[in-house]
Amino acid sequence: MKKTLNRTFLIIGVLLLAAPLFMGPYAQSVARSVLMYLMLAISWNMLVSSGQLSFGIAGFFGLGGYASTLAIVYLGMPPILSLVFAFILVGAAAWLLGLVALRLRGMYFAISTLALAEIFRVIIHNWHGFTGGPNGKLLPKLIFDGASVPTYLLMAVLAAGTIAFSMWFRRSKFHFAVTSIRDNEIAAMSTGINIYKTLLMVFAVTSAVQGLVGASFANMYGFVTPESSFNMNYTLLPLAMTLLGGLYTTWGPVLGAVLLGIVGEYLKLYIPYGHLIVYGIIIVLVILFMPNGIVGLSGKLLNGFEARKKGEVQL
Amino acid sequence: MKLELRNISCGYGKLTVLNGVSLTVDEGSVGLFGPNGAGKTTLIHAVLGMVPLQNGEIYFDGERIDTKKTHTIVRQGISVVPQERELFPAMTVLENLQVGAENIDRARAAMADTLELVYSYFPILKERQGQYAGTMSGGQQRMLAVGRALMAKPKLLILDEPSLGLQPSIVHELFDILNIMKKEISIFLTEQNLRESLRTVGKGYILENGHIVLEGDADGLANNPQVTRAYLGL
């Protein structure tokens, strides 16, 4: 059952990933932003699988954008290399901050990640000489000189990599470790799981992914400012997408990002900022009526279907 | 295998629960008995490094463990069946068992064999291996918890009140299995049900208000008038 579901999503995914290549620059730019949110949602979902809620996505996103931009501006780093640099730098920063923040749990951890994101923004906002302060920084040129197809391909490769990483993660021993931490920390400890180290690793890697996405965003649009790079949307939208698609799965955030990303794009045209209201309504409805999201629901339906095929009764 | 607690004291905040307790578990099986609130669970948490000591030392196989982290102690060969909320309800029976072995190198290498062994002790777990742990009965969950602890290939298995909340026939069945298991590994259990556990343990300690008030072999305890009056209702 699970295999059928995974394969179906894989085929649909590859087709969707290739489609914008034949649809012109506008579709490619929408698709790029969908992929961006998709990566944020997947990485957030990996951490939340361990029961730790992070509201710091925008913080690591913005930090990645600034890391990459400043590396290009001051060090003359090639754009692609600056993405790698942002990935490593944000991962290292998250590791260090995690050393402290991960002594907290639940609500306290969530709030401290929110505060961290805000602290990044305030520091960058006020460090005029280095970061450009409230005006931000401009990049000398866009990645691939702003050419649409190569930029889209880069995002597609990064997104495919993130999806593959998440699929590997769900089959590795990390999957058991994080699920057991989420279920019951005392029991997890008693089975020899090093909770602190596991959480630290997951937090660092998922934050690094968020930094990488921020860096590619900066390189696509050619600028960073405190207000745009640390925008709360980068925290809230991935969250809504994951909830809609389905928590604790790889394909949930993918599906959620594609649906909400495209719907949001259209809504933006007709009711500016109205898409945020729609997102809010969707979150409420999903939590009330399908807490396992679309993937959970379709898995259930598929289960029922296969059971009927085999002539088994499904309760 | 030897677990040695030397004069340990510990508690929570200003409250001292254990007060100068010394206790030794060698090969074979040992029981720790006492009423609610005596400190039995606290003692197990202290052994596992979940409660810091105020005083005293704990040694396992000659190595001091009271300064170590829980996961390190578990990897050194002590497995525990906690008293409550002991399973991962959102995982299947098989996954619960796998988690038991997954994080310990020597246990992971021997996973297939240990799984067969656990299934031979508890055939019901094999029947139910695809079912979510949270959907099983209390007795089956306790068996799964014991099975998961065994998956770690421990040298010492600690059980915290294994009979708690189970019907007498299931308790009897569980202790029958512990009697078979104790030929393979050492067992340290806490209990209030002396009648059942004295069939299993070779030696016992009685803990009251954080002090060891009595110790002796199983026969000695079973015939001690103080014990029979207080615990066996005779």
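Residues numbered from 1 in each chain as written. Chains lettered and ligands numbered in written order. Predicted model: local features only at pLDDT ≥ 70, side-chain atom pairs only at ≥ 80, totals over all residues. Heavy atoms only, no water.

Draft legend 1. Focus on the side chain of B:Ser186. Within the secondary structure layout, B:Ser186 lies in strand S8 (residues 186–191). When its relative accessible area of 2% is taken as the criterion, B:Ser186 is described as buried. (Helix = DSSP H or I, 4+ residues; strand = E, 2+ residues; numbered from the N terminus. Buried < 20%, exposed > 50% of the residue type's maximum accessible area, 1.4 Å probe, protein only.)

Draft legend 2. Region of interest: helix H5 (residues 106–126) of chain A. Residue and element names in this part refer to chain A. For H5, with 21 residues, the first-to-last C-alpha span of 31 Å sits near the 30 Å given by 1.5 Å per residue. Within H5, the full set of buried residues consists of Phe-109, Ala-110, Ser-112, Thr-113, Leu-116, Ala-117, Phe-120, Arg-121 and Ile-124. The inward-facing, buried residues of H5 contact helix H2 (24–48), helix H3 (57–75), helix H4 (79–101), helix H6 (128–131), helix H10 (195–221) and helix H11 (226–229). (Expected span 1.5 Å × (residues − 1). Contact = heavy atoms within 4.5 Å.)

Draft legend 3. Geometry of the pattern of salt bridges. Residue and element names in this part refer to chain A. All told, the structure shown has 14 salt bridges over all chains when counted by the stated rule. A salt bridge links Glu-118 to Arg-121; the shortest N-O distance between them is 2.7 Å. Taken together, the positions of Glu-118 and Arg-121, both in helix H5 and three residues apart, correspond to about one turn of that helix. Overall, the relative accessible area of 39% leaves Glu-118 in the partly exposed class. A relative accessible area of 18% means that Arg-121 is categorised as buried. With a closest N to O distance of 3.9 Å, Glu-265 and Lys-268 form a salt bridge. Of this pair, Glu-265 and Lys-268 are both found in helix H13 (residues 251–270), three residues apart, which corresponds to roughly one turn of the helix. Using a relative accessible area of 18% as the deciding quantity, one classes Glu-265 as buried. (Salt bridge = Lys/Arg side-chain N within 4 Å of Asp/Glu carboxyl O.)

Draft legend 4. Here's a closer look at the domain arrangement of chain B. Residues and elements named next belong to chain B. Under the domain assignment, chain B is made up of domain 1 (1–77 + 155–234) and domain 2 (84–154). Centre-to-centre, using C-alpha coordinates, domain 1 lies 23 Å away from domain 2. Every contact between the two is made by 21 residues of domain 1 and, on the other side, 14 residues of domain 2. Where domain 1 abuts domain 2, roughly 1,400 Å² becomes buried across the two surfaces, and 73% of that area is made up of carbon and sulfur atoms. Run the count over domain 1 and domain 2 and you get four residue pairs in polar contact (both at pLDDT 80 or more). Take the side of domain 1 that touches domain 2: its biggest share by element is six residues, from helix H8 (residues 168–181). Taken together, the residues of the side of domain 1 that touches domain 2 break down into 13 nonpolar, three polar and five charged. (Domains from an automatic or database assignment. Buried area = accessible area lost by both parts, 1.4 Å probe. Polar contact = N/O pair within 3.5 Å; in protein donor to acceptor, adjacent residues only side chain to side chain. Nonpolar A, V, L, I, M, F, W, Y, C, P; charged D, E, K, R; others polar.)

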